[in-house]
Amino acid sequence: MTERATPSPRAHFSVFYPINSRWADNDIYGHINNVAYYAFFDSVVNRFLIEQGGMRPGVDSVVGYVV
């Protein structure tokens, strides 16, 4: 088995956004469901593109995708 890479320290990242979870995002044990992370990624990327990239959803002809 290969060893897991050490994560980069928080100081290496310049942008942080708080994310609120909903009751439905959690499983019976109070853990965030795996599928909710994809919605979190999508929300954060879109917020970044709007705030930092000047993207205007519904107006611009450019669309950002999380792939």
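To start, this report covers the structure provided alongside it. (Residues numbered from 1 in each chain as written. Predicted model: local features only at pLDDT ≥ 70, side-chain atom pairs only at ≥ 80, totals over all residues. Heavy atoms only, no water.)

### Points about the overall build of the protein
Counting secondary structure elements, the protein contains one helix and zero strands. Taken along its principal axes, the extent of the C-alpha atoms in the protein is 45 × 30 × 25 Å. A total of 67 residues make up the protein; the buried ones form 7% of that total. Sequence separation of 24 or more characterises 29% of the internal contacts of the protein that already satisfy a separation of 6 or more. Accessible surface, the protein as shown: approximately 6400 Å² in total, 57% of it carbon and sulfur. Positive and negative charge centroids in the protein, built from 5 and 6 side chains respectively, lie 5 Å apart. (Helix = DSSP H or I, 4+ residues; strand = E, 2+ residues; numbered from the N terminus. Buried < 20%, exposed > 50% of the residue type's maximum accessible area, 1.4 Å probe, protein only. Contact = heavy atoms within 4.5 Å. Areas by Shrake-Rupley, 256 points an atom, 1.4 Å probe, with all protein chains shown as cover. Lys, Arg positive; Asp, Glu negative; His and termini not counted. Charge placed at Lys NZ, Arg CZ, Asp CG, Glu CD.)

### Some words on the pattern of salt bridges
Counted by the stated rule, this structure contains three salt bridges. One salt bridge connects R47 with E51, and the closest N-O pair in it is separated by 3.0 Å. Of the two residues, R47 and E51 are both situated in helix α1 (residues 34-51); the distance of four residues between them amounts to about one turn of the helix. (Salt bridge = Lys/Arg side-chain N within 4 Å of Asp/Glu carboxyl O.)

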